[in-house]
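# Observations on chain architecture
Residue-level listing of the chains:
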Amino acid sequence: MNIRPNKKTEVNKLVEIWYEGSLIAHDFIDKNYWKSQQTKMEEKYIPMSETYVVSNEKDIVGFVSMMNNYLAALFIDVKHQGGGYGKGLLDFVKRQRENIQLKVYKKNNKAVDFYLKNGFVIKEETLDEQTSEEEYLMEWEKD
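All of the points below concern the structure found in this document. Just so you know, these numbers come straight off a predicted model, no measurement behind them.

Further remarks concern the overall build of the chain. Looking only at helices and strands, the chain has four helices and seven strands in total. Of the regular secondary structure in the chain, the N- to C-terminal order runs β-α-α-β-β-β-α-β-α-β-β. Rg of the C-alpha trace for the chain: 14 Å, near the compact-globule value of 15 Å for 143 residues, within the 12% margin. Along the first, second and third principal axes, the C-alpha set of the chain runs to 40 × 40 × 25 Å. Taken over 143 residues, the chain has a buried fraction of 45%. Nonlocal contacts in the chain, meaning residues at least 24 apart in sequence, comprise 59% of its contacts between residues at least 6 apart. Summed over all atoms, the accessible surface of the chain reaches about 8,300 Å², with 46% contributed by carbon and sulfur. Within the chain, the 24 negative side-chain charges are centred at a point lying 4 Å from the centre of the 21 positive side-chain charges.

Moving on: the side chain of glutamate 135. Relative to the assigned elements, glutamate 135 resides in strand β7 (residues 133-141). Of the side chains with opposite charge, lysine 103 comes closest to the buried, unpaired glutamate 135, at an N-O distance of 4.0 Å. The contacts of glutamate 135, once residues within four sequence positions are left out, are Lys103, Val104, Tyr105, Lys106, Glu124, Glu125, Thr126, Leu127 and Asp128.

This brings us to the pattern of salt bridges. Under the criterion given, the structure shown has eight salt bridges. Residue lysine 106 is joined to glutamate 125 by a salt bridge in which the shortest nitrogen-to-oxygen separation is 3.1 Å. Linking lysine 106 in the loop between β5 (99-105) and α4 (109-117) with glutamate 125 in strand β6 (residues 121-128), this pair joins segments that are 19 residues apart in sequence. Using a relative accessible area of 25% as the deciding quantity, one classes lysine 106 as partly exposed. The exposure class assigned to glutamate 125 is partly exposed, which follows from its relative accessible area of 46%. A network of salt bridges, in which partner residues are shared, links Lys106, Glu125 and Glu134.

Our focus in this paragraph is helix α2 (residues 31-48). Counted at 1.5 Å a residue, the expected span for α2 with its 18 residues is 26 Å, and the 24 Å between its end C-alpha atoms agrees. The sharpest bend along α2 comes to roughly 60°, located at methionine 41. Among the residues making up α2, those that are buried are Tyr33, Trp34, Gln37, Met41 and Ile46.

Before going further, it helps to examine unusual backbone geometry. A negative phi angle characterises most non-glycine residues, just as the trans form characterises most peptide bonds. Positive phi is not limited to glycine here, since asparagine 68 has a value of about 55°. Even without being glycine, serine 132 reaches a positive phi, approximately 60°. Among the structural elements, serine 132 can be located in the loop between β6 and β7. Under the relative-accessibility criterion, serine 132 is labelled exposed at 55%.

Moving on, we come to the layout of surface pockets. In this structure, the largest pocket spans a volume of roughly 1,400 Å³. In this structure, the largest pocket is lined by 48 residues; those nearest its centre are His26, Ala72, Ala73, Leu74 and Phe75. Mapped onto the lining of the largest pocket, the elements with two or more residues apiece are α1 (11-25), α2, β3 (60-67), β4 (70-76), α3 (85-94), β5, α4 and β6. Of the residues in the lining of the largest pocket, the class split is 25 nonpolar, 15 polar and eight charged.

Criteria and thresholds
Residues numbered from 1 in each chain as written. Predicted model: local features only at pLDDT ≥ 70, side-chain atom pairs only at ≥ 80, totals over all residues. Heavy atoms only, no water. Helix = DSSP H or I, 4+ residues; strand = E, 2+ residues; numbered from the N terminus. Rg over C-alpha atoms; globule rule 2.2 N^0.38 Å. Buried < 20%, exposed > 50% of the residue type's maximum accessible area, 1.4 Å probe, protein only. Contact = heavy atoms within 4.5 Å. Areas by Shrake-Rupley, 256 points an atom, 1.4 Å probe, with all protein chains shown as cover. Lys, Arg positive; Asp, Glu negative; His and termini not counted. Charge placed at Lys NZ, Arg CZ, Asp CG, Glu CD. Salt bridge = Lys/Arg side-chain N within 4 Å of Asp/Glu carboxyl O. Expected span 1.5 Å × (residues − 1). Bend = angle between axes of the 7 residues up to and from the residue. 1 Å grid on protein atoms, 1.4 Å probe; cavity = no way out; pocket = protein on both sides within 12 Å on 5 of 7 lines; lining within 4 Å. Points joined across faces, edges and corners; volume = space filled by probe spheres on them. Nonpolar A, V, L, I, M, F, W, Y, C, P; charged D, E, K, R; others polar.

Set out below in structure tokens:
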């Protein structure tokens with residue numbers, strides 16, 4: 001497992017991983033919403049974030065994007081989920097910070113469980129205005 005800062009030339013690959021992962025993890029949201037967000041991810045969100053990619057011997061298999069202490073995105077290619085890459089990326093950013101916050105959709109049970117297992121606690125329930133879906137604000141603090 002190799003983790004390093006992303007290169008500008010890799011943004012399309014990251015958007016592809018994000019899009020495919022979003023369709024599966026957030027199947028309770030209309031797929032046209034995710035389609036409509038692709039350009040923003042490519043041109044705005046990834047470039048303005050501190051983004052790291054994780055790769056196996058051949059390919060980029062996932063990424064994490066941080067905005068200061070806010071975890072904006074953590075996505076692993078659907079073909080490589082369950083291989084420890086997500087935990088590897090999360091541990092990587094935890095070593096660099098005292099605390100991390102994130103928002104996750106309440107219905108995304110797999111992600112909620114992942115963050116709870118990795119030391120995050122639910123701080124509050126909020127509503128995502130763009131999708132009208134309930135989400136959790138979660139937080140992790142270094143011991």
